[in-house]
Each structure stands twice: as C-alpha cells, then as structure tokens.
Amino acid sequence: MDTDLVIRAQRGDEEAFASLAVAVGDRLHAVSHRILRDIDLAEDATQQALLAIWRDLPKLRDPARFDAWSYRLLVHACYAEGRRTRQWAPNLRILPVDESVGPDASGSVADRDQLERGFRRLSIDHRAVVVLHHYLDLPLEEVAETLGVPIGTVRSRLHYAMRGLRAALDADARPARQEAVK
Amino acid sequence: MSTDRETTRFVRSWLEEGVTALPDRVLDAVLDQVPATPQRRRFWSAWRPNQMNLYAKLLAGAAAVLLVAVVGYQFLPGRGLDSGGPTVAPSPTSAALLARGTFKLYGADVDLNATGGGDSVTGTMTVSHEDGDFSVDLKCSRTTEDGVILIAGDITDSASPHARKGARELIVLKPGSPVYASFDSEGRAGGDVMPAASCPALLEQVIDTGTQTVIGPNGLEPIDGTVELAP
C-alpha cells in the first residue's frame, strides 16, 4: 500500500481516501464475501469497514501496517454483520471422520457444495483464519497479528477448521460412494 | 478418506472462486458518507510539543514556572511537605464508584461491584445462571461519548459453557431508567467479541464495532433490579 496515500488520508484528505478505498475495496470485499458467504452481508460489511477505516485512520500509528489493520477492521465488520443477522451456528461442529472417498481433485460441483456447507458451520473466528491464511496467503504470524490473538490460537483454529472441512467433505462424500456401489 | 494436503488444495481452489470486485454503488455510498463522518483523533496527537504554536509554548512555559514556584513554596520552612511538625497521613479515600448493583440480565442473576475507571478498575462481577455460574475480576472500563459504560475483566472461575476461564468478559451498561445492559465473552465460539491483546483493547474494539451498545433483541436489554452507576 502507498503509505503516502495513507498518511494524506490520515490527515483528512478525502481525495486521498477515495484513492485508498478504490485501491483496497476489491480486496476487502473479496475477503468479506469469503468469510460471510453472502453477497449482501459482504457488501454491508465492506461498506462498514471502509467507513471505519476513514474514521479511525488517525489512530493508526504506523501507516506501513495499513493492510493488517484494515483486515482487522474488516473482520470486526464481519462480526457485526454476523451479530445483526444471527445466521451463524453457535459452535464449531466436527463431523465424524470415517473412511470414504476424498474430494474430487478437480473440484466437482457436489464437492464444492459440501465444502460450502461445511464452511458455513464454522464460526467467524475459524472462517477468518482459513480465509486470511489460505486465500490471502498470510503467514500464521501475520494472521495472529491481524486478528490480535496469539499464534497458538491461530494454529488451533486453523487445525480445527480444516479438520471440520475435511470431515464435512468425507462424511458428505460417503453416501455418494455407497450410492455408487449399489 | 482425503488427506490433509488434498483438503488444503481443494479449500484453496474453492476460495479462489467467487466475487472479487466491489460494486461501484457500494464504493459510492462510502464516499458519499465520508464528508459527514468525522475522523477520530487521539488526544496525544493534538498536543505533541512540535505541533504547539508559539503562543501555546509561552503558555506552557508560564505554567511550568508557576508549577515550580508552587511546589517550591511547599518546601519552605514551616510549610507543607517537609515542615518537620506533626504530619497527617492521607486518609484512605474510597475509590470512585463505577458500577454497583444486583440485577437480572438474560435470565442470570448478576452481582456487580466496580470502582475506579479507565485501565485501573477494581471489583468483581458474579453471574449465576442455570447453565452454570462464573466470576469476573474486573480490570478496565471505558465510557462512550453517549455515556454508555463498558467494563471488562478476566473470568477467574467458571462452571458455565458460555464463559471460559481465562477469557475476558464484558458488561455494557447504558444509564437511564431503566438501565440497559448486555454481556458477552471474548472469543466465545459463535459470539461477537473478538479476542484482543489487552483489556482496554477489547473495550476499544467493542466500541469501534458498536455492536454492543445498541438496544435491541441482540443487544442491550433492560435490567431487572438496581444498579448505581458513576455519574
């Protein structure tokens, strides 16, 4: 990110902020959509996050940390949307892992649907870690810094989230295999 | 059964799908609101010495001279701090009340007693509920511009599935008649308060998101009982 743009926006330069918003808007929206899995909620979350960025920019001490800071505000906005709609499952549920066929390596429609359902069962805590690490390719240390949690917590969340997704894929794939045997 | 590597590859591939562009109307809506949205500034940034004008520097210098004179006067024989005469130990002053009361909230019995403020809060909150009880050692507080008081601390003891020992718990109190309140646990699965690096950071995060200070089915509810709040 252009730190000069960030500094100008910190000082209240609305044109600089507009340029900043254009530069980061797509990326923030892509992340919020992947966390929330709903286009309307994601648009609301992104809008709220961008306004929060404008409002709180003067509080950002190190403009070079803008990216991590903006993701943190975005995840906060995703929490807020989640709270507003109350569409989330209360807990991470791990489905039983059983021997079954794995996901189609090419990613069939059925597999993607199973993954979608498995992902929606995760809490936002877990979704955020998966998206920041596997979509944005942030190292776990940066994920921890972005979310403001210890690295051990990030590792734990990622482990349980991936285990839940794997279990969802395997469990949901099992009936298909049994169906195929018949 | 799929391997971890297969799952990771599949998840990464799946995450690549989906929208990547923010619609113009959303961006326009944000930019339309910017002129009417004031930025929040830190206190200290407005008072850094290098930002003071000459007049402010002169005032600050005069204030410093006056302070030295007043303190020096206290050390003159027969005056103040080192008079050699009988001294009176400062009587312990009771810390300022922050919040004290017993009430029902979300079907739980809450006993709250907190004094102090900011990053120096002392007190406890105990919550008794049919799902299990828990206790909180209160540590910090914030008051929003519209008078909503947020107090947080560490959960020291818990038999409740809603409050994990070692995590932070938060109570929000909106003065009025009746007083409205809510509480939540940091990092509760499916909850709404993200873990934070410190007690003050947790409260500032909650204030920033604004989710805990809204009256409604998922926010603040009227308490049943009484609570005395800091004026």
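Calculation notes
Residues numbered from 1 in each chain as written. Chains lettered and ligands numbered in written order. Predicted model: local features only at pLDDT ≥ 70, side-chain atom pairs only at ≥ 80, totals over all residues. Helix = DSSP H or I, 4+ residues; strand = E, 2+ residues; numbered from the N terminus. Buried ≥ 20, exposed ≤ 12 C-beta atoms within 10 Å, placed from the backbone. Contact = placed C-beta atoms within 7 Å. pLDDT = per-residue confidence, 0-100. Pairing = 2+ DSSP bridges. Axes fitted to C-alpha atoms, helices over the stretch in contact; angles between N-to-C directions. Parallel < 35°, antiparallel > 145°, perpendicular 65-115°, else oblique. Left-handed = near helix turned anticlockwise from the far one by under 90°. Core = buried A, V, L, I, M, F, W, Y, C linked by C-beta atoms within 7 Å.

Draft legend 1. Seen up close, the overall build of chain B. From N to C terminus, chain B includes 5 helices and 9 strands. The order of helices and strands in chain B, counted from the N terminus, is α-α-α-α-β-β-β-β-β-β-β-α-β-β. Taken over 231 residues, chain B has a buried fraction of 28%. Restricting to contacts in chain B with at least 6 residues of sequence separation, those with at least 24 account for 43%.

Draft legend 2. Local environment of the confidence of the model for chain B. Residues and elements named next belong to chain B. Scored by pLDDT, chain B has a mean of 77; 69% of the residues are at 70 or more. Under a pLDDT of 50 for its full length, residues 42-54 has, in the predicted model, 6 contacts with residues more than four places off or in other chains. In this model, residues 80-93 is a region of pLDDT below 50 whose contacts with residues beyond four sequence positions or in other chains number 6 contacts. For this predicted complex, the interface confidence score (ipTM) comes to 0.79, while the overall pTM stands at 0.53.

Draft legend 3. Inspection of the sheet that holds strand β8 (residues 221-222) of chain B at higher detail. All names here are of chain B. Spatially, the 9 strands line up as an open sheet ordered β8-β7-β6-β5-β4-β3-β2-β1-β9, and their pairing is antiparallel. Unpaired on one side and paired on the other, β8 and β9 (224-229) mark the two borders of the sheet. Bridging between strand β7 (residues 180-185) and β8 involves 2 bridges; their strand directions are antiparallel. Paired with Tyr180 across the two strands is Pro222, which belongs to β8.

Draft legend 4. View of the pairing of strand β2 (residues 108-117) of chain B. Residues and elements named next belong to chain B. Direction of pairing for strand β1 (residues 97-105) relative to β2: antiparallel, over a ladder of 8 bridges. Note that in β2 the partner of Leu97 across the bridge is Thr115. Where β1 hands over to β2, the hairpin turn is made up of 2 residues, of which Tyr106 adopts a positive phi near 55 degrees. With 9 bridges connecting them, β2 and strand β3 (residues 120-128) associate as antiparallel partners. Bridging from a neighbouring strand, Asn113 pairs with Thr124 of β3. Once β2 ends, the chain turns through 2 residues before running back antiparallel as β3, passing Gly118 with a positive phi of about 60 degrees.

Draft legend 5. Representation of the packing of helix α1 (residues 3-10) of chain A against helix α2 (residues 14-36) of chain A in the model. Residues and elements named next belong to chain A. One can describe the packing of α1 onto α2 by two numbers: an axis separation of 7 Å at closest approach and a directional angle of 135 degrees. Our classification of the angle between α1 and α2 gives oblique. Pair α1 / α2 crosses with left-handed handedness. Listed contacts from α2 to Leu5, Val6, Arg8 and Ala9 of α1 are Ala16, Phe17, Ser19 and Leu20.

Draft legend 6. Region of the structure containing the environment of A:Leu115. Summarising the element assignment, A:Leu115 is placed in helix α5 (residues 109-120). Here A:Leu115 falls in the buried class, since 23 other C-beta atoms lie within 10 Å of it. Separated by 55 residues in sequence, A:Leu115 and A:Asp170 have C-alpha atoms that sit 9.9 Å apart. Setting aside residues no more than four positions away along its own chain, A:Leu115 makes contact with A:Leu165, A:Ala168, A:Leu169, B:Phe10, B:Val11 and B:Trp14.

Draft legend 7. Seen up close, the nonpolar core. Of all hydrophobic cores here, the largest spans 89 residues; its most connected members are A:Ala49, A:Leu74, A:Cys78, B:Ile151 and B:Ile171. Of the residues forming this core, the biggest block, 10 residues, is contributed by helix α4 (residues 66-85) of chain A. Residues within four places of B:Ile151 in sequence aside, it is in contact with B:Leu98, B:Ala99, B:Ala114, B:Val121, B:Leu138, B:Ser141 and B:Ile171.

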